[in-house]
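For reference, the chains in residue letters:
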Amino acid sequence: MAEFVLTMPDVGEGVAEAELVEWNIKPGDPVHEDMVLAAVMTDKATVEIPSPVAGIVTWLAAEVGDTVAVKAPLVRIETEVATAAPVGDAPEPEAPSDMTEEPPAAEIQPAREINDAPPSPEIEHHKPLASPAVRQRADDLDIDLAQVRGTGPEGHITHADLDAYLTTRSQAERPAVAIAPRDSAVEEVKVTGLRRRIAEKMALSVSRIPHITYVEEIDVTDLEDLRATMNGGRRSGQPKLTILPFLMRALVKTVADHPGMNATFDDEKGVVSHYEAVHIGIATQTPSGLTVPVVRHAETLGLWQCAEEVSRVAEAARTGTAQRDELTGSTITISSLGALGGVVSTPIINYPEVAIIGVNKIMTRPVWDGSRFVPRKMMNLSSSFDHRVVDGWDAAVFIQAVKALLEKPALIFID
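Residues numbered from 1 in each chain as written. Predicted model: local features only at pLDDT ≥ 70, side-chain atom pairs only at ≥ 80, totals over all residues. Heavy atoms only, no water.

Caption draft 1: Geometry of the overall build of the chain. Secondary structure assignment for the chain yields eight helices and 18 strands. By the burial criterion, 39% of the 415 residues in the chain qualify as buried. Sequence-distant contacts, at least 24 apart, represent 64% of the contacts inside the chain between residues at least 6 apart. Working note: accessible area of the chain is about 23,600 Å², and carbon and sulfur atoms make up 54% of it. (Helix = DSSP H or I, 4+ residues; strand = E, 2+ residues; numbered from the N terminus. Buried < 20%, exposed > 50% of the residue type's maximum accessible area, 1.4 Å probe, protein only. Contact = heavy atoms within 4.5 Å. Areas by Shrake-Rupley, 256 points an atom, 1.4 Å probe, with all protein chains shown as cover.)

Caption draft 2: Inspection of the nonpolar core at higher detail. Core analysis: the largest hydrophobic core is formed by 46 residues, its most contacted members being Ile334, Phe398 and Leu406. A total of nine residues in this core trace back to one element, the largest contributor, which is helix 6 (residues 243–255). Setting aside chain neighbours within four positions, we find Ile334 in contact with Leu244, Leu247, Met248, Leu251, Ile280, Gly281, Ile282, Ala283, Ile357 and Val359. Counting 24 residues, the second-largest nonpolar core is a separate cluster that includes Leu37, Ala38, Val53 and Leu74. (Core = buried A, V, L, I, M, F, W, Y, C linked by side-chain atoms within 4.5 Å.)

Caption draft 3: Layout of the side chain of Asp29. Mapping Asp29 onto the fold places it in the loop between strand 2 (17–23) and strand 3 (30–31). For Asp29, a relative accessible area of 19% corresponds to the buried category. Among the polar contacts listed, one links the side chain of Asp29 to the backbone nitrogen of Lys26, at a separation of 3.0 Å. Apart from the residues lying within four places of it in its own chain, the contact partners of Asp29 are Gly55, Ile56 and Val57. (Polar contact = N/O pair within 3.5 Å; in protein donor to acceptor, adjacent residues only side chain to side chain.)

Caption draft 4: Quick peek at a negative patch on the surface. Residues Asp139, Asp140, Asp142, Asp144 and Glu188 make up a contiguous surface patch of negative charge. Checked against the element boundaries, Asp139 lands in helix 2 (residues 132–140). (Patch = residues over 30% accessible without salt bridge, like charges linked within 9 Å, V, L, I, M, F, W, Y side chains within 5 Å. Salt bridge = Lys/Arg side-chain N within 4 Å of Asp/Glu carboxyl O. Lys, Arg positive; Asp, Glu negative; His and termini not counted. Charge placed at Lys NZ, Arg CZ, Asp CG, Glu CD.)

Caption draft 5: Focus on the pattern of salt bridges. Counted by the stated rule, this structure contains 13 salt bridges. Where Arg376 meets Asp219, a salt bridge forms, and the shortest distance between an N and an O atom there is 2.8 Å. With Arg376 in strand 18 (residues 373–386) and Asp219 in strand 9 (residues 211–219), this pair connects stretches of sequence that are 157 residues apart. Judged by relative accessible area, Arg376 falls into the partly exposed class, the value being 25%. Measuring nitrogen to oxygen at the nearest pair gives 4.0 Å for the salt bridge that ties Asp369 to Arg372. The exposure class assigned to Asp369 is partly exposed, which follows from its relative accessible area of 43%. When salt bridges with common partners are traced through the structure, they connect Arg208, Asp267, Glu268, Asp386 and Arg388 into a single cluster.

Caption draft 6: Representation of the sheet that holds strand 6 (residues 55–60) within the structure. Strands sit in the order 1-8-6-3 across an open sheet of four strands; the sheet is antiparallel. Single-partner strands in this sheet number two, and they are strand 1 (2–7) and strand 3. Here strand 1 pairs with strand 8 (residues 73–79) via six bridges, running antiparallel. Within strand 8, the position partnered with Phe4 by the bridge is Ile77. (Pairing = 2+ DSSP bridges.)

Caption draft 7: Fine view of a nonpolar patch on the surface. A surface patch of nonpolar side chains, about 220 Å² in accessible area, is lined by Met202, Val206 and Ile348. Within the fold, Val206 resides in helix 4 (residues 193–208). Residue classification places Val206 among the partly exposed positions, given a relative accessible area of 49%.

Caption draft 8: Region of the structure containing the environment of His159. Mapping His159 onto the fold places it in helix 3 (residues 159–173). Of the residues examined, His159 reaches a relative accessible area of 36% and is grouped as partly exposed. As a C-alpha pair, His159 and Ala138 span 21 residues in sequence and 9.1 Å in three-dimensional space.

Caption draft 9: The arrangement of the environment of Pro27 in detail. Along the polypeptide, Pro27 turns up in the loop between strand 2 and strand 3. As a C-alpha pair, Pro27 and Arg76 span 49 residues in sequence and 9.0 Å in three-dimensional space.

Caption draft 10: Region of interest: the sheet that holds strand 7 (residues 67–69). Ordered in space as 5-4-2-7, the four strands form an open sheet in which the pairing is antiparallel. Every other strand in the sheet has two partners, leaving strand 5 (46–50) and strand 7 as the edge strands with one partner each. Averaged over all neighbouring strand pairs, the angle between strand axes comes to 40 degrees, with direction disregarded. Sheet topology note: the strand 4 (residues 36–41)/strand 5 ladder contains five bridges and is antiparallel. Opposite Val40, over in strand 5, you have Val47 as the bridge partner. (Axes fitted to C-alpha atoms, helices over the stretch in contact; angles between N-to-C directions.)

Caption draft 11: Focus on the packing of helix 6 against helix 8 (residues 392–407). Contact geometry of helix 6 with helix 8 gives a least axis separation of 9 Å together with a crossing angle of 130 degrees. With respect to helix 8, the axis of helix 6 lies oblique. As for how helix 6 packs across helix 8, the hand of that crossing is right-handed. Residues Phe246, Leu247, Ala250, Leu251, Lys253, Thr254 and Val255 of helix 6 form the contact with helix 8, whose participating residues are Phe398, Ala401, Val402, Leu405 and Leu406. Within the contact of helix 6 with helix 8, the residues separate by chemical class into ten nonpolar, one polar and one charged. (Parallel < 35°, antiparallel > 145°, perpendicular 65-115°, else oblique. Left-handed = near helix turned anticlockwise from the far one by under 90°. Nonpolar A, V, L, I, M, F, W, Y, C, P; charged D, E, K, R; others polar.)

Caption draft 12: View of the confidence of the model for the chain. Scored by pLDDT, the chain has a mean of 83; 83% of the residues are at 70 or more. Note on residues 83–125: pLDDT is under 50 here. Beyond four places in sequence and across chains, it has 51 contacts. (pLDDT = per-residue confidence, 0-100.)

Caption draft 13: How the structure looks around the pairing of strand 16 (residues 332–336). As paired elements, strand 12 (residues 280–282) and strand 16 share three bridges and run parallel to each other. In the sheet register, Ile280 faces strand 16, and the bridge partner there is Ile332. Pairing analysis gives four bridges linking strand 16 to strand 17 (residues 355–368), with the strands arranged parallel. Following the sheet pairing, Thr333 is matched in strand 17 by Ile356.

See below:
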């Protein structure tokens, strides 16, 4: 029998590490050649990792949510194939000390002087041996692992050891009557994969961009009448028009006179880039979380084409089939929750862009026309701007220009 060590492959140019987002195997499982063992995620894509050999899984290097360096050991497979590369064929990077399962003791036991008597616990100062999951649980429970006796191989601390320690501690500390209420239960959910990427990007945007949010009320009565008329006459196969294609066309016309809004800001270099092409990000809710597929070159698209592209890229994002160029490169973003849009919102800028346009829900309200109150369909645009490069006055002028087009939608079609 031979042991094959599968290392983390090079998953992209300039990528030094990847997050493990899925295991399809566990120790003891049989695998066959080309079987997908795991999936990892980089900033650019999710990549499946197949097995180059058949055999039995003996060891996994990490847990879901851990970050693994390129070329670091990932999986050990016991195989009968004589040509499979055994562990000793090439120098192997040192395995992390907090792996899910540890390699055999001979590989990790540090050299020490032989003594007739085992060292006393009082003078041992080595780091307690435990898996990442056990360490995390101990940290959450405020347990000092040095106080826990490990019963696993080579003294590894297991979850059962933590349970035993907790039982002993609780018996010593709890009062005579201590009944925890049923509603005190807490479910901990590890943030991994796309959800973690979203969290990181949102934190980056908020921490580096001083947001200014400007809210403007818009009368979309005429726009809604036009939209209903056009939807009533749409051809077979054409998507139903929402307000987004009209807003996209209004943005295309408006940024031509306000190029500072169709821009990105490299705050490390101190450079603002204005774009002639209008690549509009469409914030889209998917089963995995919020993603921003991109309608590229919106300046070349008509109203129906905008609707078709929004439908296409949003569906690709929801089904996980969107290509890399459909998820990157936006120059300005639209955020909309549709009928759930609320009265007002404070959208977070899609870093490194400088503007995001938030669409709120349409409501019929009484509006004074100068002589009486009349029912009008009203909608707020809640838009945020990077206050480092966009002044409040310029943001207001920009949104006022968008408002003028949406309130008189015929202007959208006039060059």
